[in-house]
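# Architecture at a glance
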Amino acid sequence: MNHSGKDGTGFGVYVHWPFCMAKCPYCDFNSHVRHHAVDQPRFAAAFAREIAEMRERTGHRTVSSIFLGGGTPSLMQPETVASVLNEIAANWHVPDNIEITLEANPTSVEAERFRGYHAAGVNRVSLGVQALNDRDLRRLGRMHSVEEALAAIKLARDIFPRLSFDLIYARPEQTVEAWREELVKAISYAADHLSLYQLTIEEGTPFYNLWKAGKLITPDGDDAAALYADTQETTARHGLPAYEISNHAAPGAESQHNLVYWRYGEYVGVGPGAHGRFVENGTRTVTITERHPETWIEKVETVGHGIVEEEFLTHEQEGDEFLLMGLRLVEGIDLARYERLTGHSVRESRVISLAEQGLVEYIGNSRIRTTPQGAIVLNAVIAELAA
Ligand code: SF4
């Protein structure tokens, strides 16, 4: 019997490492800077306790992917990574060769540590390169240079079987031509996966304050749409087509972990500020842990977990989330699964109307997906289908 996610959509384990060397001015992730050494054995012990708690909640499962994200997980000592991976394997069934990804920043890369991660079981690295242009790296507040990023890519390619890296585009003053040139260069260094995110200005960040004061102007509206369209064309032309709004891969090299999210599979989240979504006693449960690292660790040491919020989703909410995640994918969604989740079908008249507007299309009998035009107004498409 397959105990991994319902409908064969996988069961992932996400582990959050909440520390960074510096805070990037656009970042609203749960990342913290500490000017003293982090007590990693203490964190490893807390991860172990929270993993055991999650195992109690989920029961026996077969893990389909593991992702160490952050923050900057490449600040973890290899022993800490090995300890976390061993605890996961001690609590659930972890088949050989499942995807185990670690996020790394070019500034925190060193060969010895990379070899240690690989020995611990990490087989895929996702590097935060962000730009191949030193001026923009400085503007983004990044602490590495293009040269260091390229050295990190080379090292990662030598050590790990799989590699992805991230770039941010729609940066201040960036033209379509300049971005295309940079993207083609990036593709020449890429293995078989790239994540390409448009710069978004998040409230509460230093970039937000600059943007509000009119001191930071990023491409928006038609300019942002033109950058997005060019990104899709350029990556497709070079063999790395989009399989999700911001993610591009050679066929077969898609991130299995991210597919768990987008296919609306199940996952547990451990570590500060981690989210989980898994089916427990027939109900999809959302868990959110305490964001602040030291408060999280104290809570785990006291009660065995850092969960501060829980929600039990109704079938209707599950249907909404399924649309929200699945319509980001080029493979689209299975309308029959929507019906299994919610107990009712999506109204056909709405699908037909969206199809007539060129925003969604049928692929086969019961699958639909958003068209490139639909992807640009994704939220409106989802709202219409979920209504
Ligand atoms: S390295 Fe990543 S997580 Fe850390 S502050 Fe920068 S953007 Fe945020």
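What counts as what
- Residues numbered from 1 in each chain as written.
- Predicted model: local features only at pLDDT ≥ 70, side-chain atom pairs only at ≥ 80, totals over all residues.
- Heavy atoms only, no water.
- Helix = DSSP H or I, 4+ residues; strand = E, 2+ residues; numbered from the N terminus.
- Rg over C-alpha atoms; globule rule 2.2 N^0.38 Å.
- Buried < 20%, exposed > 50% of the residue type's maximum accessible area, 1.4 Å probe, protein only.
- Contact = heavy atoms within 4.5 Å.
- Areas by Shrake-Rupley, 256 points an atom, 1.4 Å probe, with all protein chains shown as cover.
- Arc of directions from axis to C-beta.
- Polar contact = N/O pair within 3.5 Å; in protein donor to acceptor, adjacent residues only side chain to side chain.
- Phe/Tyr/Trp six-rings, centres within 6.5 Å; stacked < 30°, edge-to-face > 60°.
- Lys NZ or Arg CZ within 6 Å of the ring centre and 35° of its normal.
- Near = heavy atom within 4 Å.
- Nonpolar A, V, L, I, M, F, W, Y, C, P; charged D, E, K, R; others polar.
- Salt bridge = Lys/Arg side-chain N within 4 Å of Asp/Glu carboxyl O.
- Pairing = 2+ DSSP bridges.
- Axes fitted to C-alpha atoms, helices over the stretch in contact; angles between N-to-C directions.
- Domains from an automatic or database assignment.

Time to look at the overall build of the protein. In terms of regular secondary structure, the protein is built from 15 helices and 15 strands. Here the protein has a C-alpha radius of gyration of 21 Å; the compact-globule value for 387 residues is 21 Å, and the two agree. Judged by the C-alpha coordinates and their principal axes, the protein covers about 60 × 55 × 40 Å. Across the 387 residues that make up the protein, the buried fraction comes to 54%. Sequence-distant contacts, at least 24 apart, represent 69% of the contacts inside the protein between residues at least 6 apart. By element, 50% of the accessible surface of the protein is carried by carbon and sulfur atoms, the whole surface being about 17,000 Å².

Along an α-helix, residues three or four apart share an orientation, since each turn contains 3.6 residues. Residues Leu335, Arg337, Tyr338, Leu341 and Thr342 constitute the buried set of helix 12 (residues 335–342). An end-on view of helix 12 places all buried positions within 155° of arc, on one side of the element. A distance of 3.0 Å separates the backbone nitrogen of Ala336 from a side-chain oxygen at the start of helix 12, and that oxygen is part of Asp334.

Applying the stated criterion across every chain, the model contains 16 aromatic pairs. A centroid spacing of 6.3 Å and a plane angle of 40° characterise the contact between Trp17 and Phe47, whose relative ring orientation is tilted. Linking Trp17 in strand 1 (residues 11–17) with Phe47 in helix 1 (residues 40–58), this pair joins segments that are 30 residues apart in sequence. Looking at Trp17, the relative accessible area reads 2%, which means it is buried. By relative accessible area, which is 0% here, Phe47 ends up buried. Members of the aromatic cluster, each reached through a chain of ring pairs, are Trp17, Phe19, Phe43, Phe47 and Trp296. We note Arg284 situated over the ring of Tyr264; from NZ or CZ to the ring centre the distance is 3.8 Å.

Cys20, Ala22, Lys23, Cys24, Tyr26, Cys27, Phe29, Ser31, Gly71, Thr72, Asn105 and Arg142 make up every residue found near the ligand. Across the shell around the ligand, the residue classes tally to six nonpolar, four polar and two charged.

What follows is about the pattern of salt bridges. As a working rule, side chains carrying opposite charge can pair if their charged atoms are close by. Within the structure shown, the criterion is met by 19 salt bridges. Ionic pairing is found between Arg350 and Glu384, a salt bridge with its closest N-O pair at 3.4 Å. Taken together, the residues span a long stretch of sequence, with Arg350 in helix 13 (residues 348–356) and Glu384 in helix 15 (residues 378–386) at a distance of 34 residues. Accessibility expressed as a relative area gives 29% for Glu384, which makes it partly exposed. Within this structure, Arg135, Asp136, Arg171 and Glu182 form a network of salt bridges that share partners.

Within the secondary structure, Ile376 is located in helix 14 (residues 372–376). Sequence separation of Ile376 and Leu75 is 301 residues, and the distance between their C-alpha atoms is 36 Å.

What follows covers the sheet that holds strand 14 (residues 360–362). Spatially, three strands are ordered 13-15-14 in an open sheet, and the strand pairing comes out antiparallel. At either margin of the open sheet sits one strand with a lone partner, and together these are strand 13 (333–334) and strand 14. Direction of pairing for strand 13 relative to strand 15 (residues 367–370): antiparallel, over a ladder of two bridges. Bridge assignment links Ile333 to a residue of strand 15, and that residue is Ile368. Along the sheet, helix 13 makes contact with strand 14 and strand 15, crossing strand 14 at roughly 110°.

Glancing now at the environment of His344. Looking at the secondary structure, you find His344 in the loop between helix 12 and helix 13. The contact partners of His344, leaving out residues within four places of it in the chain, are Glu316, Tyr338 and Glu339.

As a further point, take the domain arrangement of the protein. Split by domain assignment, the protein resolves into domain 1 (6–261) and domain 2 (332–386). For domain 1 and domain 2, the distance between their C-alpha centres works out to 29 Å. At the junction of the two partners, domain 1 supplies six residues and domain 2 supplies five residues. Applying the counting rule to domain 1 against domain 2 returns zero salt bridges. There are zero residue pairs in polar contact (both at pLDDT 80 or more) connecting domain 1 and domain 2. A class-by-class count of the residues in the side of domain 1 that touches domain 2 yields three nonpolar, one polar and two charged.

So, about the side chain of His248. With respect to the helices and strands, His248 occurs in strand 8 (residues 247–249). Of note is the side chain of His248, whose polar atom sits 3.3 Å from the backbone oxygen of Leu240.

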